[in-house]
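Structure at a glance
Below are the chains, spelled out letter by letter.
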Amino acid sequence: MPDLLGPWTLMWRKFRRHKIAYVSLWIVGFIYLLALFGEFFATSDIHETNRRAPFAPPMGIHFMTQDEDGGRSFLLHAKGLKLTLDKVERRRTFVEDPDKIIPLGFFVKGHDYKLLGLIPTDRHFFGPVNSRDRVYLWGADRLGRDIYSRIVMGTRISMSIGLVGVAMSLVIGVALGGLSGYYGGWVDNGIQRLIEFLRSIPTIPLWMGLAAAIPLDWPPLQTYFIVTIIVSMIGWTSLAREVRGKFLSMRNEDFITAARLDGLSDAEVIRLHMVPGFSSHIIASLTLAVPLMILAETSLSFLGIGLQPPIVSWGTLLKEAQNIRTIIQAPWLLIAPGSVIVMAVLALNFLGDGLRDAADPHAN
């Protein structure tokens, strides 16, 4: 008799056939790898300023150099920038300096940091061979800070706030939605009226009011935690309604009645029989909720009512591009973090679609 495949094995096989979702899984995994080892992948200290490089443009990577005898040789490098005066627009601009070669390499020495917050080291995955050189792969901001490194380090805040917010929404949504659908009656009425009240409040004014209550002298960690709670306050309501509908349709099924007659408590019936019955829907809802949390944090920070500097997130980086003059002079301040946000949100959405299709027991 051939071995029977388990549900998780079948789910994985179905998921791998969804090519876009499978590629998105690797993209999301790489993004969280950046978030976990941000200092290792950053090329410079995110708080280091450079008075000589405000709004420095992105520096291209070159592979070949010309020798003194006219020959060409391989050398991974970037060319330095020099400041010139644009007589037409009457402003300072940066142009590539062909005589200044900045050799690049892998696993080079740079600024000191603690890997995973524990291991002191100065090794970086990629960067200039000479630690005194500065390379701006995605340009610099108004203070001469490296945008690439700040985006890499901002990944930790923006991606983790989605996970924490979704975890909070999962606990509240499944708990209240399950109670509402399982017991019905006055419990159902009370929880549904609470959901309707929260959903009737305009989201942006609610966020603004709650964010305004955060004291300005709070440390960044407390501010991060409060912003996560603010983002999660509305996210659980839609999940709670979906869970309620599932519980209403399942609570009178024969297997639920048999579980009650077998002596199981209400908590055991919900945990062992009802929640696993729509686990595919919960998985899809959670995966698709992460990009919504990321966009919510980005919007709050962009509007100035979320995370604030010196905390570095994708939203605080986009806030740097609020000025039209800044966008004209340094469009990379908008394009670089905006492109990363779009890529992350699309990858998470495709991943959620693939997980939903793979976990659906009724799908072919």
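Reading guide: rules and limits
Residues numbered from 1 in each chain as written. Predicted model: local features only at pLDDT ≥ 70, side-chain atom pairs only at ≥ 80, totals over all residues. Heavy atoms only, no water. Helix = DSSP H or I, 4+ residues; strand = E, 2+ residues; numbered from the N terminus. Expected span 1.5 Å × (residues − 1). Buried < 20%, exposed > 50% of the residue type's maximum accessible area, 1.4 Å probe, protein only. Arc of directions from axis to C-beta. 1 Å grid on protein atoms, 1.4 Å probe; cavity = no way out; pocket = protein on both sides within 12 Å on 5 of 7 lines; lining within 4 Å. Points joined across faces, edges and corners; volume = space filled by probe spheres on them. Nonpolar A, V, L, I, M, F, W, Y, C, P; charged D, E, K, R; others polar. Axes fitted to C-alpha atoms, helices over the stretch in contact; angles between N-to-C directions. Left-handed = near helix turned anticlockwise from the far one by under 90°. Contact = heavy atoms within 4.5 Å. pLDDT = per-residue confidence, 0-100. Pairing = 2+ DSSP bridges.

**Structural notes on helix 5 (residues 185–200)**
- The first and last C-alpha atoms of helix 5 sit 23 Å apart over 16 residues, in line with the 22 Å expected at 1.5 Å per residue.
- Every buried residue belonging to helix 5 is among Val 187, Asp 188, Ile 191, Gln 192, Ile 195 and Leu 198, and all of these are buried. Looking straight down helix 5, one finds its buried side chains confined to an arc of 125°; they lie on one side. Away from its buried face, by an angle of more than 90 degrees, helix 5 presents the exposed residues Trp 186, Phe 197 and Ser 200.

**Topic: empty space enclosed by the protein**
- Following the criterion strictly, the structure yields 1 cavity of 30 Å³ or more and no others.
- Considering only enclosed or pocket space, the largest cavity measures out at about 40 Å³ in volume.
- Split into classes, the residues belonging to the lining of the largest cavity amount to 5 nonpolar, no polar and 1 charged.

**What about the layout of surface pockets?**
- In this structure, the largest pocket encloses a volume near 410 Å³.
- Around the largest pocket sit 21 residues that line it, and Gly 235, Ser 238, Ala 289, Leu 292 and Met 293 are the ones nearest its centre.
- Elements that contribute at least two residues to the lining of the largest pocket include exactly helix 4 (147–183), helix 6 (203–212), helix 7 (220–250) and helix 10 (279–303).
- When residues of the lining of the largest pocket are assigned to their parent elements, the largest contribution, 9 residues, is made by helix 10.
- Grouping the constituent residues of the lining of the largest pocket by class yields 13 nonpolar, 6 polar and 2 charged.

**Quick word on the packing of helix 4 against helix 13 (residues 332–359)**
- At a closest axis distance of 11 Å, the pairing of helix 4 and helix 13 adopts a crossing angle of 35°. In terms of crossing hand, the pair formed by helix 4 and helix 13 is right-handed. From helix 4, Ile 147, Ile 151 and Met 159 reach across to helix 13, where they touch Trp 332, Leu 333, Ala 336, Pro 337, Val 340, Ala 344 and Leu 348.
- Of the residues assigned to the contact of helix 4 with helix 13, the class counts are 10 nonpolar, no polar and no charged.

**So, the confidence of the model for the protein chain**
- Scored by pLDDT, the protein chain has a mean of 81; 92% of the residues are at 70 or more.
- Mean pLDDT per element in the protein chain: helix 6 is the minimum at 72, and helix 2 (residues 19–36) is the maximum at 91.

**Some remarks on the pairing of strand 3 (residues 91–115)**
- Pairing of strand 3 with strand 4 (residues 119–128), which is carried by 8 bridges, proceeds in the antiparallel orientation. Along strand 4, the bridge assignment pairs Phe 106 with Phe 126.

**Here we look at unusual backbone geometry**
- Phi is positive for Phe 55, which is not a glycine, with a value near 55°.
- Relative to the helices and strands, Phe 55 is located in the loop between helix 3 (38–41) and strand 1 (61–66).
- Since its relative accessible area comes to 22%, Phe 55 is described here as partly exposed.
- Despite not being glycine, Leu 116 shows a phi value in the positive range, around 60°.
- Following the sequence through the fold, Leu 116 ends up in the loop between strand 3 and strand 4.
- Classification of Leu 116 by relative accessible area gives partly exposed; the value is 44%.

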